[in-house]
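Listed below, chain by chain, are the residues.
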Amino acid sequence: MTEQEIREKYRHLLNDLDFDKIELQLKTPNIFQILNISRAEIRHSNFLAWLLDPNGTHGLGRLFLTKFLRDIATSEIASDLDEFEIEELNFNNVELRREWKNIDLLIVFDTIVFCIENKIDTQDHSNQLAKYRTIVNDTFKKHKKVFVYLTPIGET
């Protein structure tokens with residue numbers, strides 16, 4: 001291919017509307033980067049709690065929470081939970097707790113409790129995950145328990 005042909009193809013690409021759309025999608029604004037808090041774990045947990053709250057001001061109702069829990073149910077995280085159980089949960093009585101006994105997020109239903117540890121740029125320390133498991137097991141004896149370790153790149 002000649003230089004002229006390459007230039008022509010490049011010019012065509014630059015004037016292609018689909019290419020513009022792709023380029024814009026790659027530059028989608030990230031509110032955490034804009035606010036310079038992209039590595040601030042507590043801010044991420046606060047935002048996540050707001051999104052997960054079916055009564056939150058986001059206007060999503062229970063949609064985000066339901067999809068999040070379905071994702072957990074269909075992953076290997078919760079082998080004894082399935083997506084049909086998520087549909088049977090009473091979303092009217094759900095309780096979201098932030099930093100309860102140092103646990104980042106706790107989602108409490110009548111029959112199931114989800115314990116979520118959110119980690120960004122840090123690792124668990126002082127045997128904290130084992131402590132959280134003990135606290136949840138002791139406090140919610142009759143509940144099914146699901147423990148989630150949430151990280152940007154999916155560390156176990």
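The structure contained in this document is the topic of the report that follows. Because the structure is predicted, anything quoted here is derived from the model rather than measured. (Residues numbered from 1 in each chain as written. Predicted model: local features only at pLDDT ≥ 70, side-chain atom pairs only at ≥ 80, totals over all residues. Heavy atoms only, no water.)

1. Quick word on the overall build of the protein chain
Then, in step 1: Helix and strand counts for the protein chain come out as 7 helices and 4 strands.
Then, in step 2: Across the protein chain, helices and strands are ordered from the amino to the carboxyl terminus as α-α-α-α-α-α-β-β-β-α-β.
Then, in step 3: Evaluated residue by residue, the protein chain yields a buried proportion of 31% over its 156 residues.
Then, in step 4: Here the analysis covers contacts within the protein chain between residues at least 6 apart in sequence; of these, 52% occur between residues at least 24 apart.
Then, in step 5: Accessible area for the protein chain stands at about 10700 Å²; split by element, carbon and sulfur atoms hold 52% of it. (Helix = DSSP H or I, 4+ residues; strand = E, 2+ residues; numbered from the N terminus. Buried < 20%, exposed > 50% of the residue type's maximum accessible area, 1.4 Å probe, protein only. Contact = heavy atoms within 4.5 Å. Areas by Shrake-Rupley, 256 points an atom, 1.4 Å probe, with all protein chains shown as cover.)

2. Some thoughts on the nonpolar core
Nonpolar side chains in soluble globular proteins generally cluster together in the buried interior.
Then, in step 1: Ranked by internal contacts, the top residues of the largest apolar core, which has 22 residues, are L69, F109 and F114.
Then, in step 2: At the level of secondary structure, the elements contributing two or more residues to this core comprise α4 (41–52), α5 (63–73), β2 (103–108), β3 (112–118) and β4 (144–150).
Then, in step 3: Those residues within four positions of F109 in sequence are excluded, and the remaining contacts are L65, L69, L89, N90, F91, V94, F114 and H143.
Then, in step 4: With 10 residues, the next largest nonpolar core counts W100, V108, C115 and Y132 among its residues. (Core = buried A, V, L, I, M, F, W, Y, C linked by side-chain atoms within 4.5 Å.)

3. Section: the pairing of strand β1 (residues 95–100)
Then, in step 1: Pairing of β1 with β2 involves 5 bridges; the strand directions are antiparallel. Along β2, the bridge assignment pairs R98 with L105.
Then, in step 2: Count of turn residues in the β1/β2 antiparallel hairpin: 2 residues, of which K101 carries a positive phi of about 50 degrees. (Pairing = 2+ DSSP bridges.)

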